[in-house]
Amino acid sequence: MKLGKIFGVVWASKKVDEMKGCRLHIVQPVSDIGDKNGTPLVVADPQNIGSVGDTIVYVTSTDAAEAFENGYAPVNASVVQLVDEVA
Amino acid sequence: MIFAKVIGTVVSTQKDENLNGKKMLLCRETDHEGNPLSSYHVAVDAVQAGEGSFVLITYGSSARMTETTKDAPIDAVITAIIDDVQVEDNS
């Protein structure tokens, strides 16, 4: 899992059924001290955890599908936690 | 998931039988503003995208997790047609 900062929203009315109702954020990966780290990516947010400006924890790879209720969705990354503070 | 623009179609008569009936589109990867990057994907179309569409591509083994692509030998699928992208200052 990695830390990232949400800085954008993707609007898509036509999606595959498996992703219906799921918000899509554009996330800038950040380092452990909060610096920009790598290229932005699109992250699904099936549980409506984050919004623009929030720092979040996201999961990548096949495991990202586990964030969905039935564990089945074609996503490469999902938001799983909202970060209050990294101490 | 990555952003891409559909730039063409790939047509073939001889193929793996699990690919029958699936539309293959040639897609140029872009950044979130739609600026083209150097890489491309041949992706299965799961949302009736057309040439010129700004789309979202899911790649790797996760690409098989749709009704259209399950149990098929594919590693890229178009999962959404993008209407709009809104970004805040990323600095």
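Quantities reported herein were computed from a predicted structural model and do not represent experimental measurements.

## Considerations on the overall build of chain A
Part 1 of the reasoning: Along its length, chain A carries zero helices and six strands.
Part 2 of the reasoning: The order of α-helices and β-strands along chain A, N terminus first, is β-β-β-β-β-β.
Part 3 of the reasoning: For chain A, whose C-alpha radius of gyration is 12 Å, the value lies close to the compact-globule estimate of 12 Å for 87 residues.
Part 4 of the reasoning: By principal-axis analysis of the C-alpha atoms, chain A measures approximately 35 × 25 × 20 Å.
Part 5 of the reasoning: The long-range share in chain A, meaning contacts at least 24 apart out of those at least 6 apart in sequence, stands at 50%.

## Quick look at the interface of chain B and chain A
Part 1 of the reasoning: On the chain A side, the residues contacting the 27 residues of chain B number 27 residues.
Part 2 of the reasoning: Counting residues per element, the ones that place at least two in the side of chain B that touches chain A are strand 4 (54-59), strand 5 (76-81) and strand 6 (84-87) of chain B.
Part 3 of the reasoning: Tallied by class, residues from the side of chain B that touches chain A come to 14 nonpolar, nine polar and four charged.
Part 4 of the reasoning: For strand 1 (residues 2-11) of chain A and strand 6 of chain B, the ladder comprises four bridges, and the chain directions are antiparallel. Looking at the pairing, A:Gly8 lines up with B:Val87 of strand 6 of chain B.

## Examining the pairing of strand 1 (residues 2-10) of chain B
All names here are of chain B.
Part 1 of the reasoning: In this sheet, strand 4 lies alongside strand 1 in antiparallel orientation, the contact comprising four bridges. Considered in strand 4, the bridge of Phe-3 is made with Leu-56.
Part 2 of the reasoning: Direction of pairing for strand 1 relative to strand 2 (residues 24-30): antiparallel, over a ladder of seven bridges. Within strand 2, the residue paired with Lys-5 across the bridge is Arg-28.

## Focus on the environment of B:Asp16
Part 1 of the reasoning: Take B:Asp16: it is sitting in the loop between strand 1 and strand 2.
Part 2 of the reasoning: The exposed category is assigned to B:Asp16, around which 11 C-beta atoms lie within 10 Å.

## Re unusual backbone geometry
Part 1 of the reasoning: With a phi close to 70 degrees, A:Ser61 is a non-glycine residue in the positive phi region.
Part 2 of the reasoning: Topologically, A:Ser61 is positioned in the loop between strand 5 (55-60) and strand 6 (77-82).
Part 3 of the reasoning: Although it is not a glycine, B:Gln48 sits at a positive phi angle of roughly 55 degrees.
Part 4 of the reasoning: Its location among the elements puts B:Gln48 in the loop between strand 3 (36-45) and strand 4.
Part 5 of the reasoning: A residue is classified by how many C-beta atoms lie within 10 Å of it, and B:Gln48, with 10 of them, is exposed.

## Considerations on the confidence of the model for chain B
Part 1 of the reasoning: On average, residues of chain B score 93 in pLDDT, and 98% of them are at 70 or above.
Part 2 of the reasoning: The ipTM, which scores confidence in the relative placement of chains, is 0.88 for this predicted complex, and the corresponding pTM is 0.91.

## Concerning the environment of A:Arg23
Residues and elements named next belong to chain A.
Part 1 of the reasoning: In this structure, Arg-23 sits in strand 3 (residues 23-29).
Part 2 of the reasoning: Residue Arg-23 is classed as partly exposed on the basis of its C-beta count, with 19 C-beta atoms lying within 10 Å.
Part 3 of the reasoning: Beyond its immediate chain neighbours, meaning those up to four positions away, Arg-23 contacts Asp-45 and Asn-48.

Thresholds, definitions, all that
Residues numbered from 1 in each chain as written. Chains lettered and ligands numbered in written order. Predicted model: local features only at pLDDT ≥ 70, side-chain atom pairs only at ≥ 80, totals over all residues. Helix = DSSP H or I, 4+ residues; strand = E, 2+ residues; numbered from the N terminus. Rg over C-alpha atoms; globule rule 2.2 N^0.38 Å. Contact = placed C-beta atoms within 7 Å. Nonpolar A, V, L, I, M, F, W, Y, C, P; charged D, E, K, R; others polar. Pairing = 2+ DSSP bridges. Buried ≥ 20, exposed ≤ 12 C-beta atoms within 10 Å, placed from the backbone. pLDDT = per-residue confidence, 0-100.

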